[in-house]
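# Observations on chain architecture
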Amino acid sequence: MPMLDPQEDIPLMKTSRLALLVAVGFLAGCNSTSKLVAPQNAVRSYNGTASVGDFLTISIDSAALTITYKNYTNGDTGTVPYTVNADGTYTVTDPQGNLLAAYEVPGTALLVEAANAGPNHDTDALITAIESKPATINTFAGKSFNYLQFRTSSGGVELGTVAIDALGGIQHEGYWPYGVFSQSLFHGGSFPASSVQEDASGNFFTINESDGSSDVVFGTQSGLFAVDTGNGTILALPQAASKAFDPTYAGSYTVMYYKKAGAQTGQGNVETGTPSEGKGTVTIATNGLMTITDSQNAALATGTLAAIADTPYLYDGTANKLTDPCNGMFTFRMATGGVQQDVFVSFQGHTVVFSSFQTGLPIGSYAPYTYYYGVGLK
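To start, this report covers the structure provided alongside it. These numbers were taken from a predicted model, which means no experiment stands behind them.

## A few points about the pairing of strand E8 (residues 123–130)
Burial within E8 is extensive, with six of its eight residues counted as buried. As defined by bridge partners, strand E1 (residues 43–50) adjoins E8 across four bridges and the pair is classed as antiparallel. Bridged to Gly48 within E8 is Ala129. Relative to E8, strand E7 (residues 109–117) is paired through seven bridges, and the arrangement is antiparallel. Across the sheet, Leu111 pairs through a bridge with Thr128, a residue of E8. Taking the residues that link successive antiparallel strands as the turn, the E7-E8 hairpin has five residues, and the phi of Gly118 there is positive, at about 85°.

Here it is as structure tokens:
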């Protein structure tokens, strides 16, 4: 997807970059100790998508304690050793500096802190990878999903919904926090069923777009997928039956996240800022009070989760905002010290997916902003 000119009032996600489905809920059903249990299969293979837009294959050999990866987008490859930390995360020793750390639910999902990603081998990114399983567009026909999109430019984050009809046609709509600078916050579009091309393997399919590009969709048969796009990673989770917060989501989650501080987009859609990656903790009380902290226990955000359906600036039943209540997705807003910060959160089983966008008050035209996003397991 071409980057947008920040001087143009154009929504970020045109219909050629589907805010489709995705995977992180792929971790559903894992218990609090599953990430520390030795897997039955010593070698496990994953397909991965990086928030900078790279597609990778990754395999882990837990007997040899090595990770083998291939980045099909920029050509980087390697087989590198790793060690297991007390909290179940992996420290990766990569001579090329491409992979830094990882977090795995063996045979199900893998999160990786990456450096030197992207076409110029110079971008930090968060890789979300899942074990490849047979799945087709028919797996999702007649279902609705919430999504979060992660990228390393254009304001970093986006959220919304996707609905797939019985024939495989796709409708999507989204909210782009960065659009606050140009008042292009909401947008939507569709893909006809004819744009979907199944792979002969039965393990993934592609969405062929009007500009000649395509997105790769891969994942499991449980309704949770990863989509690799030229503009980052899309994660989506089946919508909940109710807008209400489920107190079973309460608990402590170990998270990996990507952050860009003091970002600003200029001519040519080049985004400056200071990127970083790290581990941290998300804690959630039974009343929905949520706190995100980094590895030094410094708070990144705290607030009580409210349903998107009860958040008028996102959804109020009118046509000029989200038209779907996004049941199962939550948010809270912090507006203190001259800064406005919005946090967006979704859950699946023992997994939390979150993102944040903040900028100064009053809102200025293309002012500096900070965003982060990540995934946590409890």
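## So, unusual backbone geometry
With an omega of -5°, the peptide bond between Leu361 and Pro362 qualifies as cis. With respect to the helices and strands, Pro362 occurs in the loop between strand E25 (351–360) and strand E26 (369–377). One non-glycine residue with positive phi stands out, namely Leu65, at about 55°. Positionally, Leu65 belongs in the loop between strand E2 (55–61) and strand E3 (66–71). Take Leu65: its relative accessible area is 36%, and that puts it in the partly exposed class.

## Re the pattern of salt bridges
Here the structure, examined in full by the defined rule, presents six salt bridges. Ionic pairing is found between Glu104 and Arg44, a salt bridge with its closest N-O pair at 2.6 Å. Of the two residues, Glu104 is situated in strand E6 (residues 99–105) and Arg44 in strand E1; the sequence distance between them amounts to 60 residues. By relative accessible area, Arg44 is classed as buried at 4%. A salt bridge links Asp342 to Arg333; its shortest N-O distance comes to 2.6 Å. Owing to a relative accessible area of 39%, Arg333 belongs among the partly exposed residues under this scheme.

## Re the side chain of Gln341
Within the fold, Gln341 resides in strand E24 (residues 339–348). Judged by its relative accessible area of 5%, Gln341 is buried. Separated by 3.1 Å, the side chains of Gln341 and Tyr372 make a polar contact. Among all residues touching Gln341, those that are not within four sequence positions of it are Leu300, Ala301, Phe332, Arg333, Met334, Ser356, Phe357, Gln358 and Tyr372.

## A word on the pairing of E26
The element E26 is extensively covered by neighbouring structure, given that nine of its nine residues are classed as buried. Judged by which residues are buried, E26 turns out to be covered on both faces: Tyr369, Tyr371, Tyr373, Val375 and Leu377 on one side and Thr370, Tyr372, Gly374 and Gly376 on the other are all buried. Strand direction decides the pairing type here: strand E18 (residues 251–265) and E26, joined by eight bridges, are antiparallel. When the sheet's bridge partners are listed, Lys259 is paired in E26 with Tyr372. One ladder, built from nine bridges, connects E25 with E26; its direction is antiparallel. The partner of Ser356 across the bridge, within E26, is Tyr372.

## Considerations on the packing of aromatic side chains
Following the criterion strictly, the structure yields 25 aromatic pairs and no others. With a centroid separation of 5.1 Å and 45° between ring planes, the pair formed by Trp176 and Tyr178 is classed as tilted. Clustering of aromatic rings is evident, with ring pairs tying together Phe150, Trp176, Tyr178, Phe181, Tyr258, Phe357, Tyr366, Tyr369, Tyr371 and Tyr373. In this arrangement the basic side chain of Arg333 is found over the ring face of Tyr313, its NZ or CZ atom lying 4.0 Å from the centre.

## Notes on the sheet that holds strand E22 (residues 306–307)
Strand order across the open sheet formed by nine strands is E21-E20-E19-E18-E26-E25-E24-E23-E22, with antiparallel pairing between neighbours. Both outer strands of the open sheet, strand E21 (299–304) and E22, are each paired with one neighbouring strand and no more.

## Quick word on the sheet that holds E2
Pairing is antiparallel around the closed barrel formed by eight strands, whose spatial order is E1-E2-E3-E4-E5-E6-E7-E8. Neighbour-to-neighbour, the strand axes of the sheet open up by a mean angle of 30°, direction not taken into account.

What counts and what doesn't
- Residues numbered from 1 in each chain as written.
- Predicted model: local features only at pLDDT ≥ 70, side-chain atom pairs only at ≥ 80, totals over all residues.
- Heavy atoms only, no water.
- Buried < 20%, exposed > 50% of the residue type's maximum accessible area, 1.4 Å probe, protein only.
- Helix = DSSP H or I, 4+ residues; strand = E, 2+ residues; numbered from the N terminus.
- Pairing = 2+ DSSP bridges.
- Salt bridge = Lys/Arg side-chain N within 4 Å of Asp/Glu carboxyl O.
- Polar contact = N/O pair within 3.5 Å; in protein donor to acceptor, adjacent residues only side chain to side chain.
- Contact = heavy atoms within 4.5 Å.
- Phe/Tyr/Trp six-rings, centres within 6.5 Å; stacked < 30°, edge-to-face > 60°.
- Lys NZ or Arg CZ within 6 Å of the ring centre and 35° of its normal.
- Axes fitted to C-alpha atoms, helices over the stretch in contact; angles between N-to-C directions.

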